Amino acid sequence: MAWTRQLLRVNLTEGTCIPEPLNMDWANQYLGQRGLATRYLVEEIDPQCDALGADNKMIMATGPLTGTMASTAGRYSVITKSPLTGAVACSNSGGFFGAELKNAGWDMIIFEGKSPAPVYLHIENNNATLMPATDLWGKSCWETDEMLHAKHQDPQMRIAVVGRSAEQGCLFSSVINDLHRAAGRSGVGTVMASKNLKAVAVRGSLGVGNIKDPARFMSAVSAGKKVLAENPVTGEGLPALGTQVLMNVINEVGAMPTRNMQEVQFEGASKISGEAMLEPRESDGKPNLTRNGGCFACTIACGRISTIDREHFSVKEKPQYWGNSGGLEYEAAWALGSDTGVDDLDALTYVNFLCNEDGMDPISFGATVAAAMELFESGAISTQHTDGVELKFGNAQALCWAAEKSATGEGFGADINLGSRRLCEKYGRPELSMTVKGQEFPAYDPRGIQGMGLTYATSNRGACHLRSYTVSSEILGVPEKTDPLQTEGKAGLVKAFQDATAAVDSSGLCVFTTFAWTLDDISPQIDAACDGDWSPERLVEVGERIWQLERDFNMKAGITGSDDTLPQRLLKDAAKSGPAKGKVCELGEMLPEYYQLRGWTQDGQLTAETRSKFDLPS
Amino acid sequence: MLKSLNIDPGKCTGCLQCEMACSLENEGVFNTAKSRIKVFTFHEEGRFVPYTCTQCDEAWCMHACPVDAIVLNPATGSKDVKNDLCVGCKVCTIACPFGTVNYNVDSGKVVKCDLCGGDPQCASACPTDAITYVDANATGLDKMRQWAGKTDNAANTGA
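Residues numbered from 1 in each chain as written. Chains lettered and ligands numbered in written order. Predicted model: local features only at pLDDT ≥ 70, side-chain atom pairs only at ≥ 80, totals over all residues. Heavy atoms only, no water.

A. Representation of the overall build of chain A within the structure. Counting its secondary structure elements, chain A contains 23 helices and 17 strands. Computed over its C-alpha atoms, the radius of gyration of chain A comes to 22 Å, within 12% of the 25 Å expected for a compact globule of 618 residues. Seen through its principal axes, chain A has C-alpha atoms that stretch 60 × 55 × 45 Å. Considering chain A as a whole, with its 618 residues, one finds that 68% of them fall into the buried category. Pairs at least 24 apart in sequence give 68% of the contacts found in chain A among residues at least 6 apart. Summing over all exposed atoms, chain A offers an accessible surface of approximately 19500 Å²; the carbon and sulfur share of this is 49%. (Helix = DSSP H or I, 4+ residues; strand = E, 2+ residues; numbered from the N terminus. Rg over C-alpha atoms; globule rule 2.2 N^0.38 Å. Buried < 20%, exposed > 50% of the residue type's maximum accessible area, 1.4 Å probe, protein only. Contact = heavy atoms within 4.5 Å. Areas by Shrake-Rupley, 256 points an atom, 1.4 Å probe, with all protein chains shown as cover.)

Given below as structure tokens:
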């Protein structure tokens, strides 16, 4: 068990909310969350549909462990077809919303159609109702959260919401839950807004039970918590410094993409690092970081809770930003900082607040601003486009201005909200877009970490680090150290990470546990909770099936093997400094072997044999 | 030795492991909505504060109960609700100055912390020692130790 075995189908066109039994045959093949919801999506939508049309569907899905006491078991994912990439989108979020949904008795919600007017979905256990949201439309995520809590007089309600950027069609908008947690990537929030769905507000008090073997489950949970507590990354590094523990490390190994990936080391890295967030400020003697915070059930607690210096230019006249809110994690600090050449920690924290307030994915936003800065410096755009703002690398004021514009979609904000690929195409310089399949890169330069090049090129949702985080092996030595500058063996490494991650993303657990946990730690927890046999081998099989299913969807959506590539800059322009100096990403040395390991043709197509082996739908 | 729950909000990360452990022990499911310990988030201030019954000696709830359904457990010092006696009148929820006795609409009885009979699951589950179960006569010992460590002994070392 562990699943509630019930999903909610919300037809926004008709205004109906209808419960439906969960397809347990599929749950046995795909576990839950990412895998299971993708199976539903593949069944129910045309892969070639318009991602922002009424024919696309959006699924919010929990995993079987979501809402239990297993460490980090509060995750949910948003699965849909991405407007940014045209590929399958699956964005995973923490906070408390996912566990609340499960506590209300639902494994997932499938949203279909499009509402004729703005609505929000209110769920109180078995009661689900679509409510008018005309008054919420045009409000930020934070305002909406406050208004809904006030309206329902329920401080314990958990809310997932889209901001003004999504309403304005920004192609990389997130779904924000619990004020500063995000289903961040691939524009899943844009899809939600396109359906005129402003928010989902949930209160659950039914409890999560149905554990197959409660005693064995609690014993496995305790063992898992102990492993996390005793591991130096999950027990010390992440609680103390968050993912920002990586800033100085990645910069030193020469894999810190800088100024739209023109360079691989950032001279200002230490000023925007996790360590810098602990340094007392001159103005008030307080550090940027107030404390760490945990998501539901998480015993790691990597979350950052920060303040901005009240004297900083970005907030001096804006007391609404003087309190604590979600602080910088590594990807945001990199994209907003290193990639734009800005080393002003307070400016980055302010922009991070704005990204949470109005639901911009900080990775795509930062990387798109970086592309815009290169367009500006190369003369492709000028101050005529930017209201007179000097949109140059390193300009913190310009970065803050860009975020304010992106949040509302006004003026040049509408250009930024196209994302890097469309922006660079619009201004005639497509080669300046640092994207794969239309999605912007995260914070690891594949010239300095070769495995990440293959990771990005083959990721089923476009450039992404969370599909196979080989940084663990290549830099941190987890589970075993490999040489980041070598390509040998990386095809197998990437495949292994992709498959294991797909399984973890389908369980309700957080992928950050895998700094300490292997599938040998995870399997006993799933196996004790869920009907059936969930050995590590079975989880790998489920993970690979999910990967193949996502790939199959993408192929049917019109993506081909030729899209499994990287921008020329990473393949042709050598790294200028650091340990990787002189290196390009040798993708060609890894890709053919990867295709072979996957059971695909030389041009990346699934074979009939592979399809049959994984029992993929036709 | 009588023990009591000792809460250090400065160590709390807001993960709700305590609420889940409490609901599992008392309700048989993971259900933070039914927990007897609650973690409050003060978002603007960046603070998390776990809060539950402190087991007052002269317990207002116990004195207020018209049917003597709240009784002292001499082994632990906790004030326990006797479900077979409780009539659900809720007078104790009014009497408690701290709000830590609450009515459960499903059972028609009130619920409050009973220290899990001497092995409080919230404390066992807490990953950061924000909730500990310690000697009731010396709940301040950890704080004293911290301050003792900061005491300047320079004069004694002759430096």
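B. Broad picture of the side chain of S406 of chain A. Residues and elements named next belong to chain A. As for its position among the elements, S406 is in helix 13 (residues 396-408). Among the polar contacts listed, one links the side chain of S406 to the side chain of N417, at a separation of 2.6 Å. Setting aside anything within four residues of it in sequence, one finds S406 in contact with S165, F172, M360, F365, G413, I416 and N417. (Polar contact = N/O pair within 3.5 Å; in protein donor to acceptor, adjacent residues only side chain to side chain.)

C. Layout of helix 18 (residues 490-504) of chain A. All names here are of chain A. The terminal C-alpha atoms of helix 18, which comprises 15 residues, lie 21 Å apart, in line with the 21 Å expected from a rise of 1.5 Å per residue. Along helix 18, twelve of the 15 residues are buried, which leaves the element largely enclosed by surrounding structure. Among all positions of helix 18, only K490, A491, L493, V494, K495, F497, Q498, D499, T501, A502, A503 and V504 are buried. Check the buried side of helix 18 and you find it contacts helix 2 (33-44), helix 16 (450-458), helix 17 (471-474), helix 19 (519-529), helix 20 (536-556) and helix 22 (591-598). (Expected span 1.5 Å × (residues − 1).)

D. View of the interface of chain B and chain A. Listed by partner, the interface residues are 26 residues for chain B and 37 residues for chain A. Taking both sides of the interface into account, the surface hidden between chain B and chain A amounts to around 2100 Å²; carbon and sulfur atoms contribute 56%. On the surface where chain B and chain A come into contact, there are zero salt bridges. One can count 14 residue pairs in polar contact (both at pLDDT 80 or more) joining chain B with chain A. (Buried area = accessible area lost by both parts, 1.4 Å probe. Salt bridge = Lys/Arg side-chain N within 4 Å of Asp/Glu carboxyl O.)

E. Molecular detail of the nonpolar core. Residues and elements named next belong to chain A. One finds M108, F365 and Y444 to be the most contacted residues of the largest nonpolar core, which totals 193 residues. Residue contributions to this core peak at nine residues, all from helix 12 (residues 362-377). If near-sequence neighbours (up to four positions away) are discounted, F365 is found in contact with F172, L336, V351, C355, M360, L399, A402, A403, S406 and I416. In terms of nonpolar packing, the next biggest core, distinct from the first, is built from 31 residues, V10, V78, F111 and V188 among them. (Core = buried A, V, L, I, M, F, W, Y, C linked by side-chain atoms within 4.5 Å.)

F. Inspection of the pairing of strand 2 (residues 16-21) of chain A at higher detail. Residue and element names in this part refer to chain A. Pairing geometry for strand 1 (residues 6-11) and strand 2, over six bridges, is antiparallel. When the bridges of strand 2 are listed, Q6 appears paired with P21. In this structure, the hairpin formed by strand 1 and strand 2 is closed by a connection of four residues, where G15 is found at a positive phi of approximately 75 degrees. (Pairing = 2+ DSSP bridges.)

G. The environment of D8 of chain B, seen in detail. Here D8 of chain B lies in the loop between strand 1 (3-7) and helix 1 (17-27). Considered as a pair, D8 of chain B and K150 of chain B are 142 residues apart in the sequence and their alpha carbons are 18 Å apart.

H. A nonpolar patch on the surface, seen in detail. All names here are of chain B. Together, F40, F42, Y51, W60 and F98 give the surface a local cluster of nonpolar side chains, amounting to about 500 Å² of exposed area. Tracing the chain through its elements places F42 in strand 2 (residues 38-42). Take F42: its relative accessible area is 35%, and that puts it in the partly exposed class. (Patch = residues over 30% accessible without salt bridge, like charges linked within 9 Å, V, L, I, M, F, W, Y side chains within 5 Å.)

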